[in-house]
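Working through the structure, step by step
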Amino acid sequence: MEARRSLARSLAPRNKKQWLVLMFLGIAISIAIAAVPYLAQSSLAKLGWQGWLTIAITFSVFLLNAITSIPPEIVFLGGTAVLFTTGILEEEAALEGFSNSGMITVAVLYLVVTGLQQTGGLTWISQTILGLPKGQNKALLRLMAPVIGMSAFLNNTPVVAMFIPVVSDWSRKLKISPSKLMIPLSYAAIFGGICTLIGTSTNLVVNGLIISAGGASLKLFDIAWVGLPCALAGASFLFLTHRWLLPNRQPALDLNDDSSSVQYTTEMMVAPDSPMIGKTIEGAGLRHLPELYLIEIVRDRFIIPAVSPQEVLRANDQLVFVGAINSIVDLHRLKGLQPGTDEVFKLKTPRSQRSLIKAVVSNSCPLVGKTIREGKFRTRYNAVVVAAARNGERLQGKLGDIRLLAGDTLLLEANPAFISRQRVSQDFYLIDGIPDSEPLRHEKAPLAIAILVIMVVLAATGWMSMLKAAVLAAVIMLVTKCCSPVKAMQNIEWSVLLVIAAALSIGTALESTGAAGAIASTLIGFSGDNPWLALAIIYGITSFFTEIITNNAAAALVFPIALAVSKNLGVEFMPFAIAIMIGASASFATPIGYQTNLMVYGPGGYKFTDFMRVGIPLNILFWIVTVSITPLIYPF
């Protein structure tokens, strides 16, 4: 008896995820058994082994992503490899996803966003549009409203690409997990995209198919009568349920990370041409910086302690701050402030090629017991101390007058080559580069933003494809030195691109083997002669295929089926066209269903099932709203 109980305990599910997976499998198996008589007479019965194997691999890919911690790119590439080695995908078809224009567009957009990052353009966008709201509810509203509005008239891919680094930095300042904001960012872009004809490429694809079928072209806002109610319903749903449905993924704890525990002292100076001159401390945005405190101002040899938020800034004011290292980095990125020491401008390396480096002084360092100025730190190391920390103490006096002790932590501005040179010396215990700490090229920010606007206008007006416009923008960013080639390549999320490419290849296999068409035609047989039921099934099929193949492929696949159904029923086709547009774009349940979901997958630190938890109810909500409203706006 005890042996049986032990066996039962070992086989029992051990967590909520396993229970959900088992429940899903049980429901799927029950439905499949009940539908066996019907399936035996459907198109699925005529599928060859290639079609059934493709369906099995697609299901396995979803299952592995849902219940394992294997990286998504490995799972999808593995599925594609099986399809290729079994001969289901020919060499050209297997590699087709890796040359897909959508995937390449996403890659090129990373270069454009790098230009915006390195010039401070993204910082300007963050400060202007997002601000610093109090509370998660207000943050969600401040994020979703502009993204929905922008995505209605711009392709949502560049909108999300532009906002990802902004939201990542913004969430840190607000002390909110990025996982609470990245999914809303992607979903808001989708909400806006379904409100106009040019909001997504899918809408344009379906409109082109309508024209090819002999129908009249849709106008810009024809889809808005259905899309806008869906967007409002989706935004309301997220706002009301985000506390429970959105995960709270915290970054892994780094035992060597002292970014919040060590308090650095740093000096900044108000530049002679700074836009902060004449503004108060609060008006200049220096009051509410996270984990950073302005403790005094040195003005014409006078010290102003306990600085009031209403104190007006003047040119050449020396501002003394104490705070965490991440906030010190943010401080160095603010336009109008420059390091308090002129030693920074005496380094041989151009500032655009430098970064911030953390170094801990060793007991064998020749500068121990000397001040930074006496030790001629810049001359000796070709680096400048811009901040210093000592066991949580508040260091007094100017940085150059600090007498170094063993164990002091210094924040240096130097060429990255400093790291490789000093790691073999005994002067420092620990040397680490600070990611994304290069000085911003503020003078080029207007140019970078202008390049972004030109790219969007060229793509939105149809003068260029999204890919061509993005390539042109990326080339201009590099030629005008808005971003460095090395940094641009480092910022590309290769894992995201691999998942997109592999998912496209699996989608090609579903189409080429006839598996996708067989599933669609089998399901449509349930509608009979009821146009409302047929509309619901068409939307459901489109939504289902969007989650497992590309949105454009899903729309193109279902369109001829829906056209045939409308003709057989003798009803207008427009309700079906609108349902296909929204169903193909409203992909929320998986990260692979829509490219913006994939783009936020890594930055949000998500698991595959996170999208299911919030996305499945949202898919059902859109399904209900679309099927209920569409026939009222566009009668059968």
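All values derive from a computational prediction rather than experimental measurement.

Conventions adopted
- Numbering of residues starts from 1 in each chain and follows the order in which that chain's sequence is written.
- This being a predicted model, a pLDDT of at least 70 is required before a residue's local features are given, and a value of 80 or more before pairs of side-chain atoms are given or counted; all residues contribute to the totals for chains, interfaces and linings.
- Each side-chain value is worked out from all heavy atoms of the structure, with water and hydrogens disregarded.
- Only runs of H or I of at least four residues qualify as helices and only runs of E of at least two qualify as strands under DSSP, and these elements are numbered from the N terminus.
- Categorising residues by exposure relies on relative accessible area from a 1.4 Å probe, with only protein chains included: less than 20% of the type maximum marks a residue as buried, more than 50% marks it as exposed, and the intermediate range marks it as partly exposed.
- Working rule for contacts: check all heavy atoms of both residues, and any pair within 4.5 Å makes them a contact.
- Areas reported as accessible are Shrake-Rupley estimates using a 1.4 Å probe. Residue values count occlusion only from the protein chains shown.
- A patch consists of residues whose relative accessible area exceeds 30% and which take part in no salt bridge; residues with like charges are grouped when within 9 Å of each other, and nonpolar side chains (Val, Leu, Ile, Met, Phe, Trp, Tyr) when within 5 Å.
- A side-chain nitrogen of Lys or Arg and a carboxyl oxygen of Asp or Glu constitute a salt bridge if their distance falls within 4 Å.
- We score Asp and Glu as negative and Lys and Arg as positive, and we do not count His or the chain ends.
- Each charge is placed at NZ for Lys, CZ for Arg, CG for Asp and CD for Glu.
- The pairing test for Phe, Tyr and Trp rings, Trp by its six-membered ring, is centres within 6.5 Å, and the orientation test on the planes gives stacked under 30 degrees, edge-to-face over 60, and tilted for anything in between.
- Inter-axis angles, ranging from 0 to 180 degrees, are taken between N-to-C directions of lines fitted to C-alpha atoms, where helices are fitted over the stretch in contact.
- Each angle gets one of four labels, with under 35 degrees taken as roughly parallel, over 145 as roughly antiparallel, 65 to 115 as roughly perpendicular, and the rest as oblique.
- Here is the rule for handedness: rotate from the far helix to the near one, and if that takes an anticlockwise turn smaller than a right angle the crossing is left-handed, while a clockwise turn gives right-handed.
- Residues are grouped as follows: nonpolar covers Ala, Val, Leu, Ile, Met, Phe, Trp, Tyr, Cys and Pro; charged covers Asp, Glu, Lys and Arg; every other residue, Gly included, is treated as polar.
- Pairs of cysteine sulfur atoms within 2.5 Å are what we label disulfides.
- Whether two strands pair comes down to DSSP finding at least two bridges between them.
- N or O atoms closer than or at 3.5 Å make up a polar contact, with two conditions inside protein: a donor-capable atom paired with an acceptor-capable one, and, for residues adjacent in sequence, both atoms drawn from side chains.
- pLDDT is defined as a per-residue confidence score from the predictor, taking values between 0 and 100.
- In a helix, the anticipated span is given by 1.5 Å times the number of residues less one.
- Think of it as the arc spanned by the lines of direction from the helix axis to the C-beta atoms.
- For this analysis, a nonpolar core means a set of buried residues of the types Ala, Val, Leu, Ile, Met, Phe, Trp, Tyr and Cys, connected via side-chain atoms within 4.5 Å.

Here we come to the overall build of the protein. On a plain count of helices and strands, the protein comes out with 26 helices and nine strands. Put simply, the protein has 636 residues, and 52% of those count as buried. Restricting the contact set of the protein to residue pairs at least 6 apart, pairs at least 24 apart contribute 78%. Just so you have it, the protein exposes about 28700 Å², and 62% of that area is on carbon and sulfur atoms.

A surface patch of like charges, here negative, comprises Glu 90, Glu 91, Glu 92, Glu 96 and Glu 511. Structurally, Glu 92 is set in helix α6 (residues 91–96).

Another aspect to go through is the packing of aromatic side chains. This structure, assessed with the given rule, holds 15 aromatic pairs. A centroid spacing of 5.8 Å and a plane angle of 65° characterise the contact between Phe 191 and Phe 588, whose relative ring orientation is edge-to-face. Of this pair, Phe 191 sits in helix α11 (residues 182–193) while Phe 588 sits in the loop between α24 (574–585) and α25 (595–601); the two residues are 397 residues apart in sequence, bridging distant segments of the chain. No difference in accessibility class separates Phe 191 from Phe 588, as the two residues are buried. Aromatic ring contacts, followed pair by pair, group Tyr 187, Phe 191, Phe 588 and Phe 622 into a single cluster.

Put simply, helix α9 (residues 136–153) and helix α13 (residues 224–245) touch, their axes get as near as 11 Å, and they point 155° apart. With respect to α13, the axis of α9 lies roughly antiparallel. At the point where α9 passes α13, the crossing takes the right-handed sense. Residues Gln 136, Asn 137, Leu 140, Leu 141, Met 144 and Ile 148 of α9 form the contact with α13, whose participating residues are Ala 235, Leu 238, Phe 239, His 242 and Arg 243.

Moving on: the packing of α11 against α13. Interhelical geometry of α11 versus α13 gives an angle of 165° and a closest axis separation of 9 Å. When the interaxial angle is binned, α11 and α13 end up roughly antiparallel. Relative to α13, α11 is oriented so that their crossing is left-handed. Counting all contacts with α11, which are made through Pro 184, Tyr 187 and Phe 191, the residues of α13 involved are Ala 231, Gly 234, Ala 235 and Leu 238. For the contact of α11 with α13, the residue count by class is six nonpolar, one polar and no charged.

Here the structure, examined in full by the defined rule, presents zero disulfides. Summary of cysteine pairing: Cys 195 is not part of a disulfide, and the nearest cysteine sulfur, belonging to Cys 230, is at 8.5 Å.

Of all six residues in strand β8 (residues 409–414), six are buried, a share of seventy percent or more. Neither face of β8 is open: one carries Thr 409, Leu 411 and Glu 413, the other Leu 410, Leu 412 and Ala 414, and all of them are buried. Sheet topology note: the strand β7 (residues 383–389)/β8 ladder contains six bridges and is antiparallel. Of the residues in β8, the one forming a bridge with Ala 389 is Thr 409.

With respect to the helices, strands and loops of the structure, Asp 317 is situated in the loop between β3 (302–305) and β4 (318–323). Engagement of the side chain of Asp 317 in a polar contact is seen with the side chain of Arg 299, the distance being 2.8 Å. Within the structure, the side chain of Asp 317 is placed 2.9 Å from the backbone nitrogen of Arg 314, a separation counted as a polar contact.

Here we take up the pairing of β4. Among the six residues of β4, six are classified as buried, and the element is accordingly described as predominantly covered. Taking every second residue as pointing to the same face, both faces of β4 are buried, with Gln 318, Val 320 and Val 322 on one and Leu 319, Phe 321 and Gly 323 on the other. Judged from the six bridges that link them, strand β1 (residues 264–270) and β4 form a sheet pairing that is antiparallel. Among the inter-strand pairings, Tyr 264 is bridged to a residue of β4, identified as Gly 323.

Mean pLDDT over the protein: 78, with 84% of residues reaching 70 or higher. This stretch, residues 252–257, has a pLDDT under 50; its non-local contacts, to residues over four places away or in other chains, come to one contact.

A few words now on α9. Counting along an α-helix, one turn takes 3.6 residues, and residues three or four places apart therefore face a common direction. Its 18 residues give α9 an end-to-end C-alpha distance of 27 Å, which sits within 8% of 26 Å, the value for a rise of 1.5 Å per residue. All buried positions along α9 are accounted for by Gln 136, Ala 139, Leu 140, Leu 143, Met 144, Val 147, Ile 148, Ser 151 and Ala 152. Along α9, the residues classed as buried sweep out an arc of 155° about the axis, all on the same side. Exposed positions of α9 whose direction lies more than 90 degrees from the buried face are Lys 138, Leu 141 and Ala 145.

Right, let's get into the nonpolar core. Counting residues in hydrophobic clusters, the biggest one holds 115 residues, and the most contacted among them are Leu 185, Tyr 187, Phe 191, Ile 582 and Phe 622. Aside from chain neighbours lying at most four places away, what touches Leu 185 is Leu 143, Val 147, Val 160, Phe 163, Ile 164, Val 167 and Val 600. The next biggest cluster of nonpolar side chains, apart from the first, holds 31 residues, and it includes Ile 297, Leu 313, Val 344 and Ala 387.

For Asn 316, which is not a glycine, the phi torsion comes out positive at approximately 70°. Considering the arrangement of structural elements, one finds Asn 316 in the loop between β3 and β4. The exposure class of Asn 316 is partly exposed, given its relative accessible area of 43%. In the Ramachandran plot, Asn 382 falls in the positive-phi region, its phi being about 55° despite a non-glycine side chain. Mapped onto the elements of the fold, Asn 382 is located in the loop between α15 (377–381) and β7.

Together, Trp 225, Trp 532, Leu 632 and Ile 633 make up a nonpolar patch on the protein surface, roughly 470 Å² of accessible area in all. Within the fold, Leu 632 resides in helix α26 (residues 608–633). Residue class for Leu 632 comes out exposed when judged on its relative accessible area of 63%.

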